[in-house]
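Structural characterization, general
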Amino acid sequence: MTRTLVNPDSVLDTAQYGYSQACIAAGSRRVVISGQAATDVHGRVVDIGLQGQTAAALANVERVLAAAGGRMEQLVMLRVYACETVREDLGQVSEELRRRFPSNPPPSSWIVVNSLALPEWLILIEAEAVLD
């Protein structure tokens, strides 16, 4: 799989927030991962804070991706859905993305929503990857 990130100087430097502007990917398999929340294998929420839920959701993305034969470096897109109640705390999401992807972060879109499927969920993360 080849993955080339595109971050032109002519647009906002989004790496400071933990994501890239675009990704050119080539490979033989595309993996689309459904929204992952901060839940354990039994569906119990594992953290009540936004940063902890972000870390747990990303860990679930990594588990599903690994089961499909992939690695986090092969992600080509993240979609982050965050509840309106944590809009002012989205810097914690950036912090966790920068921790998880210290270099070459995948592109992402962030969508603020009124609520998610369960009231205790603060964030939901969908992902796409291209594998060899």
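Coordinates for the structure precede this section.
Everything in this summary refers to the structure shown in the same document.

Rules and cut-offs
Residues numbered from 1 in each chain as written. Predicted model: local features only at pLDDT ≥ 70, side-chain atom pairs only at ≥ 80, totals over all residues. Heavy atoms only, no water. Core = buried A, V, L, I, M, F, W, Y, C linked by side-chain atoms within 4.5 Å. Buried < 20%, exposed > 50% of the residue type's maximum accessible area, 1.4 Å probe, protein only. Helix = DSSP H or I, 4+ residues; strand = E, 2+ residues; numbered from the N terminus. Contact = heavy atoms within 4.5 Å. Arc of directions from axis to C-beta. Pairing = 2+ DSSP bridges. Axes fitted to C-alpha atoms, helices over the stretch in contact; angles between N-to-C directions. Parallel < 35°, antiparallel > 145°, perpendicular 65-115°, else oblique. Left-handed = near helix turned anticlockwise from the far one by under 90°. Nonpolar A, V, L, I, M, F, W, Y, C, P; charged D, E, K, R; others polar. Salt bridge = Lys/Arg side-chain N within 4 Å of Asp/Glu carboxyl O.

1. As for the nonpolar core
- Core analysis: the largest hydrophobic core is formed by 30 residues, its most contacted members being Leu-65, Leu-75, Leu-78 and Ile-125.
- Where this core is concerned, the elements lending two or more residues are β3 (29-36), α1 (50-67), β4 (75-83), α2 (91-100) and β6 (123-131).
- Sequence-distant contacts of Leu-75, defined by excluding residues within four places in its chain, comprise Arg-3, Val-61, Leu-65, Phe-101, Pro-106, Ala-127, Glu-128 and Ala-129.

2. Things to note about α2
- Within α2 the residues assigned to the buried category are Val-93, Ser-94, Glu-96 and Leu-97. Looking down the long axis of α2, one finds its buried residues gathered within 165 degrees of arc, a one-sided arrangement.
- Those residues of α2 hidden inside the fold are in contact with α1, β4, β5 (108-113) and β6.

3. Notes on the sheet that holds β6
- The strand order β3-β6-β4-β5 describes an open sheet built from 4 strands, whose pairing is mixed. Across the chains shown, the open sheet's two edge strands, defined by having one partner strand only, are β3 and β5. Within this sheet the neighbouring strands show an average axis-to-axis angle of 10 degrees, counted without direction.
- Relative to β5, β4 is paired through 6 bridges, and the arrangement is parallel. Across the sheet, Val-80 pairs through a bridge with Trp-110, a residue of β5.
- Packed onto the sheet, α1 meets β3, β4 and β6 and runs at close to 30 degrees relative to β6.

4. Topic: the packing of α1 against α2
- The N-to-C vectors of α1 and α2 enclose an angle of 40 degrees; their axes lie 8 Å apart at closest approach. Classified by the angle their axes make, α1 and α2 are oblique. Considering the relative orientation of α1 and α2, their crossing is right-handed. Contact residues: α1 offers Leu-50, Gln-51, Thr-54, Ala-55, Leu-58, Ala-59 and Glu-62, while α2 offers Gln-92, Val-93, Glu-95, Glu-96, Leu-97 and Arg-100.
- Of the residues in the contact of α1 with α2, the class split is 6 nonpolar, 3 polar and 4 charged.

5. So, the pattern of salt bridges
- One pass over the full model with this rule turns up 8 salt bridges.
- In this structure, the salt-bridge partner of Asp-40 is Arg-44, at a minimum N-O distance of 3.0 Å.
- Arg-79 is the salt-bridge partner of Glu-126, the closest N and O atoms lying 3.5 Å from each other. In this pair, Glu-126 sits in strand β6 while Arg-79 sits in strand β4, placing the two residues 47 residues apart along the sequence.
- According to the relative accessible area criterion, Glu-126 is partly exposed, its value standing at 24%.
- Residue classification places Arg-79 among the partly exposed positions, given a relative accessible area of 22%.

6. Notes on the environment of Val-32
- For Val-32, the location among the structural elements is in strand β3.
- Remark: the alpha-carbon pair of Val-32 and Val-112, spanning 80 residues in sequence, is separated by 21 Å.
- The residues contacting Val-32, other than those within four sequence positions of it, are Ala-127 and Glu-128.

7. Considering the side chain of Thr-54
- Looking at where Thr-54 falls in the secondary structure, it is placed in helix α1.
- Under the relative-accessibility criterion, Thr-54 is labelled buried at 0%.
- If we skip the residues at most four places from it in the chain, Thr-54 touches Val-93, Glu-96, Ile-123 and Ile-125.

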